[in-house]
Amino acid sequence: MLGAVAGLVVLVEHVGALPVGVGAGVMAAGLVSMRVWRPVWFRRLVGGPVSAVWRSGWVYRRRWSTALETAGLTVASASSTVGTSSQVRYVPPLLRVRSTGFVDRVRVRMLPGQTVDDYAEQADRLAQTFGAQACRVRSVARRVHEVELWLLTRDPLTRVVDPFASTVADLAVGPRVALGEDGLPWRLRLIGSHLLVVGATGSGKGSVLWSLLLGLQPAIEARLVSVWAIDPKGGMELAFGAPLFDRFCHGDSSTGQGYESGFADLLEDAVEVMRSRQDRLRGITRLHQPSPEGPLVVVLVDELAALTGWVLDRTAKKRIETALGLLLSQGRAVGVVVVGAVQDPRKDVLPLRDLFPTRIALRLSEAEQVHLVLGPGARDRGAEADKIPDTLPGVGYVTVDGIAEPVRVRFSHVTDDLIADRLAPAPSEGPRLELLRSVEDAA
Ligand SMILES: Nc1ncnc2c1ncn2[C@@H]1O[C@H](COP(=O)(O)OP(=O)(O)OP(=O)(O)O)[C@@H](O)[C@H]1O
């Protein structure tokens, strides 16, 4: 601070007060405009760094040793010199602090013998000591000796999140579908993964499916994605999206073949696409890349339990189980992925749940269900989906295979009006399934 004042005095002496005053005015006006028109840039370029410097010194470094000692994360070791013996206390070094305005990311070098779980066990204590709402403990990629503490200073997820814009290019990295608790947009990548969404009634499962569909809309229109939708609730949830779907099956009791046989037909057709791609891609690539000739086929199911647990027709049930099992175990490499939502994650309702690499737990009714959805240990690492209040629909925890820590996000709120707005006027093209089939057959 003193340095800045001294620098200003020197500048005034050299160039005069007027140019310095004008320069300062222009800079202040620029910052105010950025704050008003580009709040995200402002947070990232100005607010975050300034807050990080301030909080690093005032909140963290000042109390670091005491806080870590209270949390039992320091190590005492006896040291003896000739005739005397004393104790040396080792404190894990604080490496740096970054702030997003919502989360302070505090990087720490662990002491020899410590693990990320040692810090996770003390997360509540650390949050309380540093005055944060919560503390998430995260490992650092390729730095096994380091750990990052995410201390939440403000929760950006209490406000409803508006849908994000997307482009065709988002397909490769995943469209932005939610806001993370660090205040930054969060992307959901479907290529190479199946997605399971679990949540109690009213938890916002619909907003996950719709955020994803709207995020994929440009890629769907560019024919890089082909959505085959199943809505066993008679089409109540997904019927609005019909213009986006190449196939839409919502059960039909008037055919005389049983309500569920249409679901089995659709899944078996997806298996057929999968098989023909396997034949074509064998020895050429290990991960299919979507193209208009071979789009990413997304089999979207609104209530998976209606396909796995509550099916009356035994023949259809067997066909569905077999096709779903094949798709989940072999489909993702060849670009046939399953996105499913369900209320109840128990094995008898959803026997195949372990085959979904990406899982989202919205509000759940019991702590035990968190383990079922996100895997053992997820709740200890902060994924308390059973504690999400019912006033926060669309908030949930996500785990992705290969990444240890769950992330907390809120999906965008997609209203019926917005869907009608985005999808109107309905495309005048004919059914796209025929095109997909003829292209796949020709290839
Ligand atoms: N992301 C969100 N942000 C704000 N409000 C939301 C969000 N998602 C859903 N809601 C609201 O929460 C309520 C329940 O949402 P929704 O119907 O999507 O839940 P659901 O989990 O699909 O329920 P069900 O299993 O009963 O169909 C609706 O009133 C909806 O407007």
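Residues numbered from 1 in each chain as written. Predicted model: local features only at pLDDT ≥ 70, side-chain atom pairs only at ≥ 80, totals over all residues.

### What about the site of the ligand?
Stage number 1. Within the structure, the ligand sits among 14 residues, and Gly204, Gly206, Ser207, Gly394 and His413 are positioned closest to it.
Stage number 2. Considering each element in turn, the shell around the ligand owes the most residues, three residues, to helix α8 (residues 205-221).
Stage number 3. Here the residues of the shell around the ligand are counted per class, giving three nonpolar, 10 polar and one charged. (Near = placed C-beta within 6 Å. Helix = DSSP H or I, 4+ residues; strand = E, 2+ residues; numbered from the N terminus. Nonpolar A, V, L, I, M, F, W, Y, C, P; charged D, E, K, R; others polar.)

### Focus: unusual backbone geometry
Stage number 1. Its identity as a non-glycine residue notwithstanding, Arg142 has a phi of 60°, on the positive side.
Stage number 2. Its location among the elements puts Arg142 in the loop between β5 (134-139) and β6 (146-152).
Stage number 3. Of note in the backbone geometry, Arg223 takes a positive phi value of approximately 65° without being a glycine.
Stage number 4. The partly exposed category is assigned to Arg223, around which 17 C-beta atoms lie within 10 Å. (Buried ≥ 20, exposed ≤ 12 C-beta atoms within 10 Å, placed from the backbone.)

### What about the nonpolar core?
Stage number 1. Val298, Val299, Leu300, Leu327 and Ala361 are the most contacted members of the largest nonpolar core, which has 83 residues in total.
Stage number 2. Considering each element in turn, this core owes the most residues, nine residues, to α8.
Stage number 3. Excluding its chain neighbours within four sequence positions, the residues that come into contact with Ala361 are Val198, Val370, Val373, Leu374, Ala383, Ala385, Gly396 and Tyr397.
Stage number 4. Residues Leu68, Val108, Ala120 and Trp150 belong to the second largest nonpolar core, which totals 22 residues. (Core = buried A, V, L, I, M, F, W, Y, C linked by C-beta atoms within 7 Å. Contact = placed C-beta atoms within 7 Å.)

### Digging into the environment of Arg277
Stage number 1. Within the secondary structure, Arg277 sits in helix α9 (residues 261-281).
Stage number 2. Sequence separation between Arg277 and Ala378 is 101 residues, and the spatial gap between their C-alpha atoms is 35 Å.
Stage number 3. Residue contacts for Arg277: discarding those within four places in its chain leaves His288, Gly294, Val334 and Gly335.

### A closer look at the sheet that holds strand β3 (residues 94-99)
Stage number 1. An order of β3-β4-β6-β5 is seen for the four strands of this open sheet, with the pairing classed as antiparallel. The sheet is open, and its two edges are formed by β3 and β5, each paired on a single side. If you compare each strand with its neighbour and ignore which way they point, the axes differ by 20° on average.
Stage number 2. Of the pairings in the sheet, the one linking β3 to strand β4 (residues 103-109) comprises five bridges and is antiparallel in character. Paired with Val97 across the two strands is Val106, which belongs to β4. (Pairing = 2+ DSSP bridges. Axes fitted to C-alpha atoms, helices over the stretch in contact; angles between N-to-C directions.)

### Observations concerning the sheet that holds strand β9 (residues 195-198)
Stage number 1. Overall, mixed pairing links the 10 strands, which are arranged β8-β7-β16-β15-β14-β9-β13-β12-β10-β11 in an open sheet. A strand with exactly one partner marks an edge of an open sheet, and here the two such strands are β8 (185-187) and β11 (245-249). In this sheet, adjacent strand axes meet at a mean angle of 25° when their direction is disregarded.
Stage number 2. Looking at chain direction, strand β12 (residues 296-301) and strand β13 (residues 336-342) are connected through five bridges and run parallel. Residue pairing in the sheet places Val298 in a bridge with Val337 of β13.

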